[in-house]
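As a plain string of letters, each chain reads:
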Amino acid sequence: MDILRISSVALLTVAMASAVETVSASEEVAKVETSPQFDYEPRTEAIQRHVESGSTPLYVYTQRPERGYSQRQVMSPKVGRKFEPVLELFVEDSSEEQFHNAVADMQEWDISAWNDYEKAMYWRYLGGIQATLNSFEDATVSYQQMLAYNSAISEEAEKAALVNLAKFAAVLQNWEGANDYLGYAWDLGEEPTVDELQLRAAVSFQTGNFQRAVQDISAVISNREATNGMAYEANYNLQLASFLELDSIDSALLAANRRAEFYPNWRNCMAVEKLSQSVSVSVEPVEQCSEMVIEDQS
């Protein structure tokens, strides 16, 4: 069960939506999208409040300990029953009030006698609810707390937590933090998914690593074109912007023309037209774009 419903709504394309784009790379802005489910009210002092409350020490993920998987713990039936109402929130069409009530209820639980795996799941579920409410800083605290018990969870669960932390950081425009979390996730050795490559491409663009942004987003585009026939328009936007930042104008023209082929709107067609005037290479014009250019010049 994917308790982090928001991840399928917005965070997989976090920082990928672009504003009005011209041939100037500085005008290509990778914006953040938050979940349309509930209003986003950032609480910038969430982590500080958590520390000052003295309830649970804040754990910041920096290094994975050696783990003895032979001692893997399980959740007791008693603790499992306590989580049942929480999990039902993600199965049913729950209201914002129900999610808020669940957070308030869970924060009253005494988990001191639970084993490490049960504590990890507590923080995972609490963080999932907070993320669904777009309380990304609170969710960050919870997922960091979850990783304090990473010796009790699988590497797959650990990687998922790190990727979610990267998504939260990106939403909060903490690009360096997002980059660090993705690095930790991939250090676990598993191949990144297409969505994870897409996220790292956006993070790389925001941190000035345009070469890696091109590499990652080009891999995303190739995969999605092979699978679905085309990639998202935001993918082509980011590829074009990255080429422009690298002053690779010929490649930028090819990227812009590819985008216009799948998304032949006025903005995309005009970008191809302007880039064509700056390079020596030529591209096969998109039919719909040819009509738009003629209309624009008349």
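Residues numbered from 1 in each chain as written. Predicted model: local features only at pLDDT ≥ 70, side-chain atom pairs only at ≥ 80, totals over all residues. Heavy atoms only, no water.

(A) A look at the packing of helix α10 (residues 233–245) against helix α12 (residues 266–276). In contact at an axis separation of 13 Å, α10 and α12 are set at 25° when each is read in the N-to-C sense. One element, α10, and the other, α12, form an angle in the roughly parallel class. Every pair of crossing elements has a handedness; the one defined by α10 and α12 is left-handed. Across from Glu233, Asn237, Leu240 and Leu244 in α10, the residues of α12 making contact are Arg267, Asn268 and Leu275. Among the residues making up the contact of α10 with α12, the classes are represented as 3 nonpolar, 2 polar and 2 charged. (Axes fitted to C-alpha atoms, helices over the stretch in contact; angles between N-to-C directions. Helix = DSSP H or I, 4+ residues; strand = E, 2+ residues; numbered from the N terminus. Parallel < 35°, antiparallel > 145°, perpendicular 65-115°, else oblique. Left-handed = near helix turned anticlockwise from the far one by under 90°. Contact = heavy atoms within 4.5 Å. Nonpolar A, V, L, I, M, F, W, Y, C, P; charged D, E, K, R; others polar.)

(B) Highlighting the environment of Thr207. When you line up the elements, Thr207 lands in the loop between α8 (194–206) and α9 (210–228). Looking at Thr207, the relative accessible area reads 27%, which means it is partly exposed. Put simply, Thr207 and Asn179 are 28 residues apart on the chain and 8.4 Å apart in space, counted from C-alpha to C-alpha. Residues in contact with Thr207, not counting those within four places in the same chain, are Trp175 and Glu176. One polar contact links the side chain of Thr207 to the main-chain carbonyl oxygen of Ser204, over a distance of 3.2 Å. (Buried < 20%, exposed > 50% of the residue type's maximum accessible area, 1.4 Å probe, protein only. Polar contact = N/O pair within 3.5 Å; in protein donor to acceptor, adjacent residues only side chain to side chain.)

(C) Local environment of the pattern of salt bridges. Overall, the coordinates contain 6 salt bridges when judged by the stated rule. Lys159 is the partner of Glu196 in a salt bridge, and the nearest nitrogen-oxygen pair spans 3.1 Å. Taken as a pair, Glu196 in helix α8 and Lys159 in helix α6 (residues 155–171) lie far apart in primary sequence, 37 residues in all. With relative accessibility at 11%, the residue Glu196 sits in the buried group. On the basis of relative accessibility, which here comes to 5%, the residue Lys159 falls in the buried class. Residues joined by salt bridges that share partners form a network here, namely Glu225, Arg258 and Glu261. (Salt bridge = Lys/Arg side-chain N within 4 Å of Asp/Glu carboxyl O.)

(D) Main features of α9. With 19 residues, α9 should cover 27 Å at 1.5 Å per step; its first-to-last C-alpha distance of 26 Å lies within 8% of that length. Of the positions making up α9, those classed as buried are Phe210, Ala213, Val214, Asp216, Ile217, Val220, Ile221, Arg224 and Glu225. Those residues of α9 hidden inside the fold are in contact with α8, α10 and α11 (249–262). Following α9 by one or two positions, Gly229 adopts a phi angle in the positive range, close to 90°. (Expected span 1.5 Å × (residues − 1).)

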